[in-house]
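Chains, contacts and geometry: an overview
Residue-level listing of the chains:
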Amino acid sequence: VQLQASGGGLVHTGDSLRLSCTVSGRTSSAYTVAWFRQAPGKVREYVAVTRWFDNNPYYADSVKGRFTVSEDNAKNTKYLQMNSLKPEDTAVYYCAAVMGGKGYTGILASDYEYWGQGTEVTVSS
């Protein structure tokens, strides 16, 4: 399984970006993809997830109301729409996937087997 993240860039406070994560090599539709981010000097943190077995999106409090996850199953692609961006959103954003299973919350990096290479988002004030 390979994940390819893209869509990052340099934007200003209040702008929007949409990140994409294309998943290839999977053999089942039963998989969960989450978004994480890691700012310079900080630990990787959970941003958003939609678990395949309940199909409800969950968001970190820091992005709730501003970020939205969506998907295009025909393209095997997950999206993270980021609106009203703030300087504190500056980070490298990663998508991560785990195949099958239900015994996880989906908000821990250790829940995931596969990681994309990351795409950098910089929000200037």
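Throughout, residues of each chain are indexed from 1 in the direction in which the sequence is written. Where local features are concerned, this predicted model is filtered to residues with pLDDT of at least 70; where side-chain atom pairs are given and counted, the filter is 80 or more; whole-chain, interface and lining totals use all residues. Side-chain numbers here rest on the full set of heavy atoms in the structure, without hydrogens or water.

1. As for the layout of surface pockets
Where we set the bar: Using a 1 Å grid laid over the protein atoms alone, points where a 1.4 Å probe fits but cannot get out form a cavity; open sets with protein on both sides within 12 Å along at least 5 of 7 lines form a pocket; any residue with an atom within 4 Å of a point counts as lining. Grid points are joined across faces, edges and corners, and a volume is the space filled by probe spheres set on the points. Each residue gets one of three labels, nonpolar for Ala, Val, Leu, Ile, Met, Phe, Trp, Tyr, Cys and Pro, charged for Asp, Glu, Lys and Arg, and polar for the others, Gly among them.
Estimates place the volume of the largest pocket at around 280 Å³. Taken together, 17 residues make up the lining of the largest pocket; nearest its centre are Thr50, Asn55, Glu71, Asn73 and Lys78. Taken together, the residues of the lining of the largest pocket sort by class into seven nonpolar, six polar and four charged.

2. Observations concerning the nonpolar core
Rule in force here: The definition of a nonpolar core used throughout is a set of buried Ala, Val, Leu, Ile, Met, Phe, Trp, Tyr and Cys residues joined through side-chain atoms within 4.5 Å. Remark: exposure states derive from per-residue accessible area (1.4 Å probe, protein chains only) relative to the maximum for the residue type, with buried under 20%, exposed over 50%, and partly exposed in between. Strands here mean DSSP runs of E at least two residues long; helices mean DSSP runs of H or I at least four residues long; both are numbered from the N terminus. Contacts were defined at the residue level, with two residues in contact if any of their heavy atoms lie within 4.5 Å.
Judged by nonpolar contacts, the single largest core of 35 residues is most densely connected at Trp35, Val47, Phe67, Leu80, Met82 and Tyr93. Taken together, the elements giving at least two residues each to this core come down to β1 (2-6), β3 (17-24), β4 (31-38), β5 (45-50), β7 (67-72), β8 (77-82), β9 (91-99) and β11 (119-124). When neighbours within four sequence positions are excluded, Tyr93 is seen to be in contact with Leu19, Phe36, Arg37, Val47, Phe67, Leu80, Met82, Gly118, Thr119 and Val121.

3. So, the pattern of salt bridges
Quick note on the threshold: The term salt bridge refers to a pairing of a side-chain nitrogen on Lys or Arg with a carboxyl oxygen on Asp or Glu at a separation within 4 Å.
Per the counting criterion, the structure on display carries six salt bridges. One salt bridge connects Lys64 with Asp61, and the closest N-O pair in it is separated by 3.1 Å. We classify Asp61 as exposed; its relative accessible area is 65%. Of the charged contacts, one joins Lys78 and Glu71 as a salt bridge, the two residues approaching to 2.4 Å between their closest N and O atoms. The class of Lys78 is buried, set by a relative accessible area of 14%. A relative accessible area of 38% places Glu71 in the partly exposed class. Salt bridges linked by common partners bring Arg37, Glu45, Arg66 and Asp89 together as one network.

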